[in-house]
Amino acid sequence: MFNTIIIMFQVFLAFVGVYQFVISLFGIVRKRKETKHAPQKSFAVLVAAHNEAQVVGALIENLKNLDYPKELYDIFVICDNCTDNTADISRSMGVRAMERKNPHLRGKGHAIEWMLKELWAMPRQYDGIVMFDADNLVGNDFLAHMNNDLCEGHKVIQGYLDTKNPTDSWVTASYAITYWYCNRLWQLSRRNLNMANYLGGTGMCFESELLKEMGWGATSLVEDLEFSMRCVKRGIHPVLNYDAKVYDEKPLSFKASSRQRLRWMQGHFTVARSYFFPLLWASIKERSFVKFDAALYSISVYNTFLGFIVTAMLWMDNIIPADNIFTSIYYYAPSWVAPLAIFLTAIMFPLVMALEGIKSPKMYAHLFSMVFFQLSWLPITCYAFFTQNNKQWSHTQHTRVLRLDDVQSKQV
């Protein structure tokens with residue numbers, strides 16, 4: 001009986017793998033052209049910051065020089081439990097520093113929820129709310145793209161997430177390759193298929209009326225994924241704007257990266273428990289493929305965790321000098337299936353890099369070190385499962401200051 005369960009779970013994982021591979025094929029071609037509108041939407045640009053004195057100035061400078069009418073947007077820096085001079089720097093650069101002190105409700109989700117309440121009480125109201133992290137840099141045309149999508153009737157928009165330091169280490173290179181893959185074969189494919197996209201934590205835009213109606217209500221360790229699921233559950237599909245670029249700073253060391261990804265996985269388990277069954281039931285009841293896709297994505301963290309456990313059991317079963325207890329599904333498949341699956345998985349990453357115009361041989365060489373980076377998700381997810389009740393927010397340390405010209409001038 002237990003062996004049958006193991007085989008059934010392997011079949012399910014194979015189904016998920018084939019499903020995602022087929023979906024990803026629709027991201028190879030960019031077939032959408034953006035409809036342009038004259039600037040008309042007003043924006044409150046929110047910058048989430050916790051002790052970001054080193055980098056917040058570069059982002060504020062960047063945001064103040066966007067190619068969008070200055071009277072149509074205001075910048076607010078959420079100084080969340082800061083103990084440095086983030087607020088002083090923000091005020092000195094002519095933007096609003098919103099200082100929040102609450103040691104009991106820590107983290108970005110709580111800070112955003114607090115900021116929105118402050119915003120709704122202000123005399124000026126805005127058409128859209130845009131959110132960034134303090135370590136970001138933003139394409140100069142970002143608000144113009146958000147204006148276009150809001151004018152087209154979209155209510156939740158995610159920009160193209162890129163890294164601003166892809167060449168700093170093998171870890172940041174691995175992040176960059178992963179982001180390029182997700183933007184092209186995960187997000188763009190779903191946009192091309194008119195499915196829901198998923199928010200990435202920064203570079204997000206929301207119609208103000210929607211936020212007033214829904215409330216933020218996303219205070220887990222992965223507030224972006226939580227809000228994405230809330231939207232899909234309500235029948236609202238977040239969309240990707242492929243041309244609205246956001247550059248996010250990634251940790252240089254493997255240790256810092258592991259800490260960041262552990263937090264993401266801990267939060268993902270929380271979201272999976274809350275949204276999988278409601279979305280799955282809604283997808284069946286409403287015959288909604290979009291909600292089925294969201295439900296499947298919500299439990300991807302469990303797929304990784306249980307897949308790691310099953311794979312370890314199969315390997316141990318083969319290594320131990322005794323009769324095998326468990327059976328791999330590849331035992332029933334033709335001999336060419338496993339090599340083909342590995343080849344197709346591996347070829348997608350250099351394919352994405354070529355599609356994204358990456359020319360640096362050094363970045364392609366990082367494909368080999370990225371294998372270790374991807375495999376490291378397995379033990380991280382396993383540890384996250386047993387520590388998922390840990391709600392403590394971990395802060396990523398920043399090492400140096402980059403500006404938009406520095407990022408855009410580097411050809412990778």
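Structure's up top.
Described in the following lines is the structure provided in the data block. All figures in this text were calculated on a predicted structure; none of them were measured in a lab.

Along the chain, Leu 402 falls in the loop between α14 (377–386) and α15 (404–409). The buried category is assigned to Leu 402, whose relative accessible area is 8%. Residues Leu 402 and Ala 53, spaced 349 residues apart in sequence, show a C-alpha to C-alpha distance of 13 Å. Non-local contacts of Leu 402, meaning those with residues more than four positions away in its chain, are made with Ala 58, Leu 137, Lys 164, Asn 165 and Val 407.

What follows covers the pairing of strand β7 (residues 204–207). Bridge count for strand β4 (residues 128–133) against β7 is four bridges, and the pairing is antiparallel. The residue bridging Met 131 from the neighbouring strand is Met 204, located in β7. Judged from the three bridges that link them, strand β6 (residues 156–163) and β7 form a sheet pairing that is antiparallel. Counterpart to Ile 157 in the pairing with β7 is Cys 205.

Glancing now at helix α10 (residues 289–298). Burial of α10 is extensive: seven of the 10 residues sit out of reach of the surface. Here α10 has its buried residues at Val 290, Lys 291, Asp 293, Ala 294, Ala 295, Leu 296 and Ser 298.

So, on to the nonpolar core. Counting residues in each nonpolar core, the largest one holds 88 residues, and the members touching the most others are Phe 43, Leu 63, Phe 132, Phe 142, Leu 143, Trp 180 and Met 363. The element best represented in this core is helix α6 (residues 170–192), accounting for 11 residues. Viewed by domain, this core spans two of them, domain 1 (1–27 + 272–387) and domain 2 (43–253), each represented by three or more residues. What Phe 142 contacts, discounting residues up to four positions off in sequence, is Val 130, Phe 132, Gly 159, Gly 203, Ala 244, Lys 245 and Val 246. Ala 111, Val 156, Met 204 and Trp 216 belong to the second largest nonpolar core, which has 26 residues in total.

The next point concerns the side chain of Thr 172. Mapped onto the fold, Thr 172 is located in helix α6. A polar atom in the side chain of Thr 172 sits 3.3 Å from the backbone nitrogen of Asp 168. The residues touching Thr 172, leaving out its near neighbours within four places in the chain, are Asn 165, Pro 166, Thr 167, Lys 250, Pro 251 and Leu 252.

Glancing now at the packing of helix α1 (residues 2–24) against α10. The description of two helices packed together rests on the angle between their axes and the distance between the axes. Between α1 and α10, the shortest axis-to-axis distance is 12 Å and the interhelical angle comes to 125°. Taken together, the axes of α1 and α10 lie oblique to each other. The element α1 and its partner α10 pack so that their crossing is left-handed. Between α1 and α10, the contacting residues are Phe 12, Phe 15, Val 16, Tyr 19 and Ile 23 on the first element and Phe 289, Phe 292, Asp 293 and Leu 296 on the second.

Let's shift gears to a nonpolar patch on the surface. A grouping of Val 18, Val 22, Leu 25 and Phe 26 is seen on the molecular surface, where their side chains present a nonpolar patch of about 340 Å² in accessible area. Topologically, Val 22 is positioned in helix α1.

Across all of its chains, the model carries 15 salt bridges by this definition. Among the ionic pairs, Arg 124 bridges to Asp 74, the shortest N-O distance being 2.8 Å. Of this pair, Arg 124 sits in the loop between α4 (108–120) and β4 while Asp 74 sits in strand β2 (residues 73–80), placing them 50 residues apart in sequence. Look at Arg 124 and you get partly exposed, because its relative accessible area is 32%. Between Asp 88 and Arg 91 there is a salt bridge; the shortest N-O distance is 3.2 Å. Here Arg 91 and Asp 88 lie together in helix α3 (residues 86–92), a separation of three residues that amounts to about one turn. Residue Asp 88 is classed as partly exposed on the basis of its relative accessible area of 47%. Exposure remark for Arg 91: the relative accessible area of 41% places this residue in the partly exposed category.

Let us now look at the sheet that holds β4. In space, the eight strands of this open sheet follow the order β3-β2-β1-β4-β7-β6-β8-β5, with mixed pairing throughout. Where the open sheet ends on each side, the last strands, each with one partner, are β3 (96–100) and β5 (137–138). Pairing geometry for strand β1 (residues 43–49) and β4, over six bridges, is parallel. By the bridge assignment for β4, Ala 48 is matched with Asp 133. Against the sheet, α4 makes contact with β1, β2, β3 and β4, and its axis sits at roughly 120° relative to β3, the strand it touches most.

Before going further, it helps to examine the environment of Pro 361. With respect to the helices and strands, the residue Pro 361 is situated in helix α13 (residues 361–375). With a relative accessible area of 65%, Pro 361 lands in the exposed category. Separated by 51 residues in the primary sequence, Pro 361 and Val 412 have C-alpha atoms spaced 8.5 Å apart.

Conventions adopted
- Just so you know, the residues in each chain are numbered from 1, in the order the chain's sequence is written.
- Owing to the predicted nature of the model, reporting of local features is limited to residues with pLDDT of at least 70; listing and counting of side-chain atom pairs is limited to 80 or more, with chain, interface and lining totals taken over all residues.
- Each side-chain value is derived from all of the structure's non-hydrogen atoms; neither hydrogens nor water enter the calculation.
- Secondary structure follows DSSP: runs of H or I at least 4 residues long count as helices, runs of E at least 2 residues long count as strands, and numbering of each begins at the N terminus.
- Only protein chains enter the accessibility calculation, which uses a 1.4 Å probe; a residue whose area is less than 20% of its type maximum is buried, one above 50% is exposed, and one in between is partly exposed.
- In this description, contact between two residues means that some pair of their heavy atoms is separated by no more than 4.5 Å.
- If DSSP finds at least two bridges between two strands, the strands pair.
- Buried Ala, Val, Leu, Ile, Met, Phe, Trp, Tyr and Cys residues that are joined via side-chain atoms within 4.5 Å together make up what is termed a nonpolar core.
- For each domain, the first and last residues come from an automatic or database assignment.
- Polar contacts, as used here, are pairs of N or O atoms within 3.5 Å; protein pairs need one atom able to donate a hydrogen and one able to accept it. Residues neighboring in sequence count only if both atoms are side-chain atoms.
- To get an axis, a line is fitted to the C-alpha atoms, and for a helix only the part in contact is used. The angle between two axes follows their N-to-C directions and goes from 0 to 180 degrees.
- When describing relative orientation, an angle under 35 degrees is termed roughly parallel and one over 145 degrees roughly antiparallel, while 65 to 115 degrees is termed roughly perpendicular and anything else oblique.
- Each crossing gets its handedness from the near helix: less than a right angle anticlockwise from the far helix is left-handed, clockwise is right-handed.
- Patch definition: residues above 30% relative accessible area lacking any salt bridge, with like charges linked at up to 9 Å and the nonpolar side chains Val, Leu, Ile, Met, Phe, Trp and Tyr linked at up to 5 Å.
- With residues, only the protein chains shown are counted as cover, and all accessible areas are computed by Shrake-Rupley using a 1.4 Å probe.
- A pair is scored as a salt bridge if a Lys or Arg side-chain nitrogen falls within 4 Å of a carboxyl oxygen belonging to Asp or Glu.

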